[in-house]
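# Fold and contact review
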Amino acid sequence: MLARAARGTGALLLKGLNILIPVLDRIRYVQSLKEIVINVPEQSAVTLDNVTLQIDGVLYLRIMDPYKASYGVEDPEYAVTQLAQTTMRSELGKLSLDKVFRERESLNASIVDAINQAADCWGIRCLRYEIKDIHVPPRVKESMQMQVEAERRKRATVLESEGTRESAINVAEGKKQAQILASEAEKAEQINQAAGEASAVLAKAKAKAEAIRILAAALTQHNGDAAASLTVAEQYVSAFSKLAKDSNTILLPSNPGDVTSMVAQAMGVYGALTKAPAPEAPHSVSNGSSRDVQSTDASLDEELDRVKLS
């Protein structure tokens, strides 16, 4: 939509039929109410840390009041462009170089607010401002590239050290778990071995008890003593044949070849052990009975000593 300002009366002519008096009235200003795009020329600006930048931008505005835009300022577009440049230099002076790149959106918003406050009396409203390009000096650019490379090398070193630490932790944890599992396996093995040995000892004891029981039952039968004598003789001959095989030091009886005397001694010991002990008398036992018991014990000890020596 176009808005026209008539010279002479200073009236605002809107769209539709308008009557003008010749010579007295004529069209002086034509304002477009559409959104206008203005390129802001490149300019120099100094940041807070004294770095000179070359920066340009694009300004989007719209005429809200054609009367003010016509009679409030001579050239509204030029005025807004100059205001945008000065405002941009002012806002850049408040920021350091790093913040200029990080806070471009807040910088654009600050420029728009500053322009709207100043251009309100002109009948113009700034819709948005966008920074196009930011050019830094070559040396500053090289320093920024070196800073970026250093930051990347730092991150790579940190990541590598963290990887090494995680690897060492994993290796140590693995060794710890391996030792724990090995100790648990050794413990279980020892428990199983002890249980097996206990079972073996118990089985041997039961077998020996059963053998003794069977042997005792056999000795009570007919000719049990003769069978015992034969067994003793066989064991004596077997032991005599193994003499001097395991060691050079041996103990021999006075007559090692006399098997009969050896068997007789063994059977005598057996007979003395199998005799039923005499019932104990009351406390009023005579001295003669005590001497008989002591003599019997002494003879039994002599028989055992002879068996041991043989």
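Provided above is the structure to which this section pertains.
One structure accompanies this document, and this report is about it. Note that this is a predicted model, so its numbers are computed, not measured.

### Structural notes on the overall build of the protein
Helices and strands together make up the secondary structure of the protein, namely eight helices and six strands. Starting at the N terminus and ending at the C terminus, the protein contains elements arranged as β-β-β-β-β-α-α-α-α-β-α-α-α-α. Counting over 310 residues, the protein shows a buried share of 21%. Nonlocal contacts in the protein, meaning residues at least 24 apart in sequence, comprise 67% of its contacts between residues at least 6 apart. Surface summary for the protein: the accessible area is close to 22,400 Å², and the carbon and sulfur share equals 56%.

### A word on the sheet that holds strand β5 (residues 52-63)
Reading across the sheet, the three strands line up as β4-β5-β6 and stay open at both edges, with antiparallel pairing between neighbours. This sheet does not close on itself; its edge strands, each paired only once, are β4 (35-46) and β6 (124-135). The mean angle between the axes of side-by-side strands here comes to 20°, regardless of whether they run parallel or antiparallel. Across 10 bridges, the pairing between β4 and β5 is antiparallel. The partner of Val-46 across the bridge, within β5, is Thr-52. Sheet contacts for helix α2 (residues 76-92): β4, β5 and β6; angle to β4, the most-contacted strand, approximately 40°. Lying on the sheet, helix α4 (residues 104-118) is in contact with β5 and β6; it crosses β6 at an angle near 140°.

### So, the pairing of β5
Across the 12 residues that make up β5, a large majority, nine, are buried. Taking the residues between adjacent antiparallel strands as the criterion, β4 and β5 are bridged by five residues, where Asn-50 takes a positive phi near 60°. Pairing of β5 with β6 involves nine bridges; the strand directions are antiparallel. Looking at the pairing, Leu-59 lines up with Tyr-129 of β6.

### Observations regarding the nonpolar core
Core analysis: the biggest nonpolar cluster contains 32 residues, and Leu-59, Ile-115, Trp-122 and Tyr-129 have the highest contact counts within it. When residues of this core are traced back to their parent elements, those giving at least two are β4, β5, α2, α3 (97-102), α4 and β6. Element by element, the count of residues in this core is highest for α2, at six residues. Setting aside chain neighbours within four positions, we find Tyr-129 in contact with Val-40, Asp-56, Gly-57, Val-58, Leu-59, Ala-84, Met-88, Asn-108, Ile-111 and Val-112.

Parameters at a glance
- Residues numbered from 1 in each chain as written.
- Predicted model: local features only at pLDDT ≥ 70, side-chain atom pairs only at ≥ 80, totals over all residues.
- Heavy atoms only, no water.
- Helix = DSSP H or I, 4+ residues; strand = E, 2+ residues; numbered from the N terminus.
- Buried < 20%, exposed > 50% of the residue type's maximum accessible area, 1.4 Å probe, protein only.
- Contact = heavy atoms within 4.5 Å.
- Areas by Shrake-Rupley, 256 points an atom, 1.4 Å probe, with all protein chains shown as cover.
- Pairing = 2+ DSSP bridges.
- Axes fitted to C-alpha atoms, helices over the stretch in contact; angles between N-to-C directions.
- Core = buried A, V, L, I, M, F, W, Y, C linked by side-chain atoms within 4.5 Å.

Note that all results are geometric; they support no functional claim without further evidence.
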